[in-house]
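Structure assessment
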Amino acid sequence: MQLTLASLAKPVLHGYFRSSCSWRVRIAFSLKGIEYDQVPVNLIKDGGQQMTEQYQELNPMKQVPAVEIDGITLSQSLAVIQYIDETRPGPRLLPADPKARAQVRMISDLIASGIQPLQNLYVLQKIGAEKAEWAQHFIHRGFQALEPILKKTSGKYCVGDEISMADICLVPQVYNAERFKVDVEQYPTIKRINETLLETEAFKVSHPSRQPDTPADLRA
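This section reports on the structure supplied with the text. In this text the structure is predicted, and so the values were computed from the model without any measurement.

If you tally the helices and strands in the chain, you get 10 helices and four strands. Listed N to C, the secondary structure of the chain is α-β-α-β-α-β-β-α-α-α-α-α-α-α in terms of helices and strands. By the compact-globule yardstick of 17 Å for 220 residues, the chain fits well, its C-alpha radius of gyration being 17 Å. For the chain, with 220 residues in total, the buried portion stands at 45%. For the chain, long-range pairs separated by at least 24 residues make up 66% of all intrachain contacts whose partners lie at least 6 apart in sequence. Summed over all atoms, the accessible surface of the chain reaches about 11,300 Å², with 52% contributed by carbon and sulfur. Distance between charge centres in the chain, computed from 25 positive and 25 negative side chains, equals 2 Å.

Time to look at the packing of aromatic side chains. Summed over the entire model, instances satisfying the criterion amount to five aromatic pairs. An angle of 80° between the planes, with centres 5.4 Å apart, marks the rings of Phe143 and Tyr187 as edge-to-face. Of this pair, Phe143 sits in helix α7 (residues 131-153) while Tyr187 sits in the loop between α8 (165-179) and α9 (188-197), and the two are 44 residues apart along the sequence. Taken as a pair, Phe143 and Tyr187 share a single burial class, namely buried. Sitting above the plane of the Phe180 ring, Arg179 keeps its charged end 5.3 Å from the centroid.

Reported here for the largest pocket is a volume of approximately 970 Å³. If you trace the largest pocket, you find 36 residues lining it, with Leu43, Gln116, Asn120, Leu121 and Tyr122 closest to the centre. Listed by contribution, the elements that provide at least two residues to the lining of the largest pocket are α2 (20-32), α4 (77-87), α5 (98-114), α6 (121-127) and α8. With four residues, α6 is the single largest residue contributor to the lining of the largest pocket. Of the voids in this model, the second largest pocket is the one considered here, and its volume is about 180 Å³. Looking at the second largest pocket, the residues that line it are Leu31, Pro91, Arg92, Leu93, Leu94, Pro95, Ala100, Val159, Gly160, Glu162, Ile163 and Ser164. Residue classes in the lining of the second largest pocket are distributed as eight nonpolar, two polar and two charged.

Turning our eyes to something else, we now look at the pattern of salt bridges. In total, this model carries six salt bridges according to the counting rule given. The salt bridge partner of Glu195 is Lys191, with a shortest N-O separation of 2.8 Å. With a gap of four residues between them, Glu195 and Lys191 both fall in helix α9, about one helical turn apart. Through salt bridges with shared partners, one network takes in Lys10, Glu35 and Asp37.

Turning next to the nonpolar core. Counting 53 residues, the largest nonpolar core has Ile107, Phe143, Leu146, Cys158, Leu170, Ile190 and Leu197 as its most contacted members. Mapped onto this core, the elements with two or more residues apiece are α2, β3 (66-69), α4, α5, α7, α8, α9 and α10 (201-205). It is α8 that provides the largest number of residues to this core, a total of nine residues. Mapping this core onto the domain boundaries places at least three of its residues in each of domain 1 (12-91) and domain 2 (98-204). Other than its neighbours up to four places away in sequence, Leu146 contacts Ile107, Leu110, Ile111, Leu170 and Ile190. Grouped together as the second largest cluster of nonpolar side chains are seven residues, Phe17, Val41, Tyr55 and Ala66 included.

Calculation criteria
- Residues numbered from 1 in each chain as written.
- Predicted model: local features only at pLDDT ≥ 70, side-chain atom pairs only at ≥ 80, totals over all residues.
- Heavy atoms only, no water.
- Helix = DSSP H or I, 4+ residues; strand = E, 2+ residues; numbered from the N terminus.
- Rg over C-alpha atoms; globule rule 2.2 N^0.38 Å.
- Buried < 20%, exposed > 50% of the residue type's maximum accessible area, 1.4 Å probe, protein only.
- Contact = heavy atoms within 4.5 Å.
- Areas by Shrake-Rupley, 256 points an atom, 1.4 Å probe, with all protein chains shown as cover.
- Lys, Arg positive; Asp, Glu negative; His and termini not counted.
- Charge placed at Lys NZ, Arg CZ, Asp CG, Glu CD.
- Phe/Tyr/Trp six-rings, centres within 6.5 Å; stacked < 30°, edge-to-face > 60°.
- Lys NZ or Arg CZ within 6 Å of the ring centre and 35° of its normal.
- 1 Å grid on protein atoms, 1.4 Å probe; cavity = no way out; pocket = protein on both sides within 12 Å on 5 of 7 lines; lining within 4 Å.
- Points joined across faces, edges and corners; volume = space filled by probe spheres on them.
- Nonpolar A, V, L, I, M, F, W, Y, C, P; charged D, E, K, R; others polar.
- Salt bridge = Lys/Arg side-chain N within 4 Å of Asp/Glu carboxyl O.
- Core = buried A, V, L, I, M, F, W, Y, C linked by side-chain atoms within 4.5 Å.
- Domains from an automatic or database assignment.

Here you go:
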């Protein structure tokens, strides 16, 4: 592959410290050993910096993350993860085996499409006073499906004994569950895998408590 100035430049992650989707990308970069720059996008301040015309040029959906990489801009976390897996060396984030790869995608989509969007900031702002109950309901609903799936697919991690995109999706979702006071003890497989992953360096350095835009009172 011919090297260009764009491909030699550091990727730039436009994200928010507590955004699940931004955290997924940070984990993937860390697992791959990719150096990158961060541009914080405060989802709360001034009505949300993601709503500005300048940011909308990066991501027309007015969401985080947006990632500038290799001369293009990508704005969906799973697309970013799969792109860097296909273009960068390092541990595979999707297994070579087609069945295992399909399981990783299934679990990733269950979380990224079936749980997280229903309790993200924009939706909760629309729900209003009952937002905590709403979030808890849909997290429980998703975890009740995810737990039996993981009992079948997991080894040390979500699918077998290698960290994959499924694990990258799992940890931020458990973090959100705990924020909304969901009792994760009900889901022992989810709890076990999450605790194992949180001991790995890539998940530690990418944690919301350790980001440039993390408020002082939330820093580790």
